[in-house]
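# Report on the structure
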Amino acid sequence: MSRKKRRPKKQLIQAPASPGPIVIADRPSTFHSKPWWVSNWWNLEPTGRSDDVTCDIGTVGDLAVAAATIRGNTHRHDGNRCEDAFFISTGTTISGRSFLVAVIGDGLGSAKHSSFGSRRATQLFGNHLTASISKTDTPNEETVNTAVDAAFEMTKVKASKWKIGDLSAPPLSPAKVSSADIETTLTFAVVPADPNANKKRTVLIGSVGDSPIFKLSENKWECLTDSDNGDIVDSATRGVHSADRLTTSMVSIADTDVLFLTTDGIGNFISNGANMLAVGTYLADRWRNPVPLHEFINDMTFDLSSADDDRTAIVCWPYRDQYLS
Amino acid sequence: MSATDVEQVQTGEQVLPFYIVCDESASMAYNGGIDAINNGLPDLHASIASDPLVNDKSRICLISFSDDAEVLCPLAPASDIDALPGVMEKGATSFSAAFRLLKTQIAQDIAMLRADGFQVFRPAVFFISDGEPTDLNWQDSHRELTDKSLNPHAPNIIAFGVDRADADTIRRVGTIAAFLAEQDVNPGNALKEIMRALTNSIVQSSSSSNPTLIIPPAPDGTISLPLDVMDET
Amino acid sequence: MATNFEDMGTYTSSDSKGLNAGRVTLVLGAAGVVGGLLGFGLGEIQISESGSRFFGDSVNASSAVYFALVLLGVGAALVASQGISERNAQKAWATVLRSLPAILVGGAVAGFVAQILYTEMLNADEIDIAIRLCNRQGDYSCTAVDNLVRPARAIGWMIAGGLSGLALGVGFQSKKRMQNGVLGGAVGGLVGGLLFDSVNNIIGSGSAQPSRLVALLLIGALMGALIGLVDTLRTDMWLTVTSGEMTGQQFIIYDETTTVGCARNIPITILADRDVAEHHISIRRTGGSTTFECLPTASPITVNGSASSSGSLSNGDIIKIGNTEIRVGERTSSSPGTASSATTRQAHVDTSSRPDLYSHSPESETPAGAAPPPPRRNQPSAAPKKRPTIQMKPETDN
């Protein structure tokens, strides 16, 4: 056997020699070795809405929030729609306290209509949760968890109800589409948008599936959801329609921390146990502070060999006033 | 944006290792098996190397076995391979030798990949044989390889049998799928289809954004053996 | 009589460095010589100064005892020789003990019958006349007496040899061995009997003992060698070990069913190979075809590299039992009287397929000027092969 290449010394990032994304650790993908207009690898979804880039940026209370979904190279290569989705909504409680609901969904690869499934589930869950919390006076752990459970159940029921012709809905009646065909992960966070005197806030997080939540604290990403650190990655994951309930927990976020919800398209490359990986190091450096929209999208479209899944990130910087200067 | 040097940065790139394990017993020459495999290797390579996603994510290793087992091509991306040693007919059919080598080789490869910062998905083994094992107690080596409580790196095995291969034996070798060539099918032709099927399996498994071993449908000229009726010994 | 060739087969160490073609015959002959020596010693028990120690009043009975003792020595030596050569004392003792009753009974019967015939054939008056003639002529060799006695003695020893050979076959529980034993033993005994008196004449001592010794050595050697020769000529199938510690050794397949394994008490014993089961395979010959079957608990063997639990065997097949490779040799039949080139080539194949009991492996000796033997069916190439290098296709732009 003969080998053609040797791996040169790694660099964290490298400006692209030709038009293309930022390369992480000098490990570019073959996919981006040619411009998209030259290769035959970057294909549109024939029925429209490939969803290469979706982005929301804005503020609520003292939170600065940036969210984006980037279509993965595998779906570009196959001419399929992006299967990730995010939904961010804001609300105000009866007592006037603002909050953010951030939801992420990653449609399962085995689901035929996973793109619709993730979009539908995140929207339903986000809307219902926001509406439920808005009807409370002073949300506490119990009331918010109750709202979460209700939103989850309602999502499971209503996700399978649509009319043919509804936006992005499968061109089939719901009776002909099983829940497995619209299966998706679901990860969410309810973030109070008001500062506290002690410069911390309690955030309710929850998930079903493998889309993780991180907290950036002292330049290091800490995973707030379960992760498996074995030698072998097993790719099995559950989704909304196959799970009984969401796994939730309350976490404390300091004003200097950054909250980061993501799908495994980025999440798998953030850290390996206690060790930060190259992408994690890069994003930790980049997202220490809020960034302009175009830079946010640029950061999201980093190039790394084998990182070819759809990517979604919702990044939340509390106490945005600290970033004025 | 300026480049920043980072010593020992780990990327966590994802890798799906595939091990193609071929019987090199003498009978493989008479039934056209050797030629079918050697002729199928360039096509397998081309299918993988030409797909930008599959090539980045998959690693291929070619192992042969007869009296003993040998790594013909260490685990590597297809695009790094210009030429590789083909299979040739040799002697007996020692399954134990193949399974023992797989166990040590997989452990070594995963350790090396992990040390280089890769995330490794569970390896997949495509096991091809045309006869009965000539060694006693091959099941012990098989169990040591595939039992996850004994071997955390236990691979998924898809077994293919042609010619004189025994259905029960092939069924016991496969852990997630097993296929046996039909009686009236020329073994060489069956092996051509098998090579095609495993190529497709590698391509489809690696091109998924969430790598999962895609079990191929039964190659032409073969039947799928049900694993759930396997007798435990 | 007894022979190194047992049911299992006869074996001989052969290597490619020029074994004498007659080695087996010589080995068996040598065993017969040892047996003759033993037989002489045992036979002398029966001989006393006054005649016979036991049953002195009955010449027939005393002959029976004498023959039984003599043939006990010869038979035991030939029967035990295979076990001794295998360094398998257990096998040697087992076969001797198994053959013992048949040898003793056969020897006794042979002696009894031979004496009766000897007596009937010889006319006492004619003997007296011949002796007086010899004495008057000072003919020490006494040709006249010899001419009278020789045929009777030859027939007597022929019967003794034949019955002893039969007894050996009974001891080895082999019908074919019985046939071979009768034939070889009878011929050996006949020849030995014919030479018996000549030995006496050549040695010419005053005592009969030395000549008796030499004669018995000769008879034992001839019996062993001729039984071995008959075994070889009547062999259809044999196995030659081609790897491991027993490389070069051969086993003749005598019987319809032959067991191969590492057990010490079966026809073909494979030694120094832990992967061979005690009873590994059973080889069956019926109607000219040969099949094998792995016995329960034994692992499959390979036939020409392909694993199998049962199947057919034919000339040139290489079977591997455990780690030991064995080549199957089979005598192929040829039509008598035809002179076509096809037959000539077939005859050549026949020649090359003869058991290599007297020389090297068949393929190492090709008669000068003969066409090389055709390649064996399903034989992998013997020359070491080089692994091919498979070039990958050049990458094409997508």
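A brief structural summary.

Scoring rules and cut-offs
Residues numbered from 1 in each chain as written. Chains lettered and ligands numbered in written order. Predicted model: local features only at pLDDT ≥ 70, side-chain atom pairs only at ≥ 80, totals over all residues. Heavy atoms only, no water. Helix = DSSP H or I, 4+ residues; strand = E, 2+ residues; numbered from the N terminus. Buried < 20%, exposed > 50% of the residue type's maximum accessible area, 1.4 Å probe, protein only. Contact = heavy atoms within 4.5 Å. Areas by Shrake-Rupley, 256 points an atom, 1.4 Å probe, with all protein chains shown as cover. Polar contact = N/O pair within 3.5 Å; in protein donor to acceptor, adjacent residues only side chain to side chain. Core = buried A, V, L, I, M, F, W, Y, C linked by side-chain atoms within 4.5 Å. Pairing = 2+ DSSP bridges. Axes fitted to C-alpha atoms, helices over the stretch in contact; angles between N-to-C directions.

## Observations concerning the overall build of chain C
Counting its secondary structure elements, chain C contains eight helices and 14 strands. Put simply, chain C has 398 residues, and 50% of those count as buried. Of the contacts formed within chain C by residues at least 6 apart in sequence, a portion of 63% connects residues at least 24 apart. Total accessible area on chain C stands at roughly 18300 Å², and carbon and sulfur atoms take up 58% of it.

## As for the side chain of threonine 146 of chain B
Residues and elements named next belong to chain B. Mapped onto the secondary structure, threonine 146 falls in helix H5 (residues 138–146). Overall, threonine 146 belongs to the buried group, its relative accessible area being 18%. In terms of polar contacts, threonine 146 uses its side chain to reach the backbone carbonyl oxygen of histidine 142, at 2.8 Å. Contact partners of threonine 146, with chain neighbours within four places excluded, come to Ala154, Ile157 and Thr175.

## Here's the deal with the nonpolar core
Within the largest apolar cluster, 42 residues are counted, with the highest numbers of intra-cluster contacts made by Ile20, Phe126, Leu198 and Ile202 of chain B. At the level of secondary structure, the elements contributing two or more residues to this core comprise strand S1 (14–23), helix H2 (33–49), strand S2 (58–65), strand S3 (69–76), strand S6 (124–129), strand S7 (156–161), strand S8 (177–181) and helix H7 (187–207) of chain B. If we ignore the near neighbours within four places in the chain, the residues touching isoleucine 202 of chain B are Phe18, Ile20, Leu44, Ile48, Val54, Ser58, Ile60 and Phe126 of chain B. Core analysis: the second largest hydrophobic core is formed by 34 residues, Ala66, Ile266, Trp287 and Ala313 of chain A among them.

## Focus: the sheet that holds strand S10 (residues 306–308) of chain C
Residues and elements named next belong to chain C. An order of S4-S3-S13-S12-S9-S10 is seen for the six strands of this open sheet, with the pairing classed as antiparallel. What marks the edges here is a single partner per strand, and that holds for strand S4 (250–253) and S10. Put simply, the sheet's adjacent strands are angled 30° from each other on average, direction ignored. One ladder, built from two bridges, connects strand S9 (residues 301–303) with strand S12 (residues 318–321); its direction is antiparallel. Residue pairing for S12: valine 303 is matched across the bridge by isoleucine 319.

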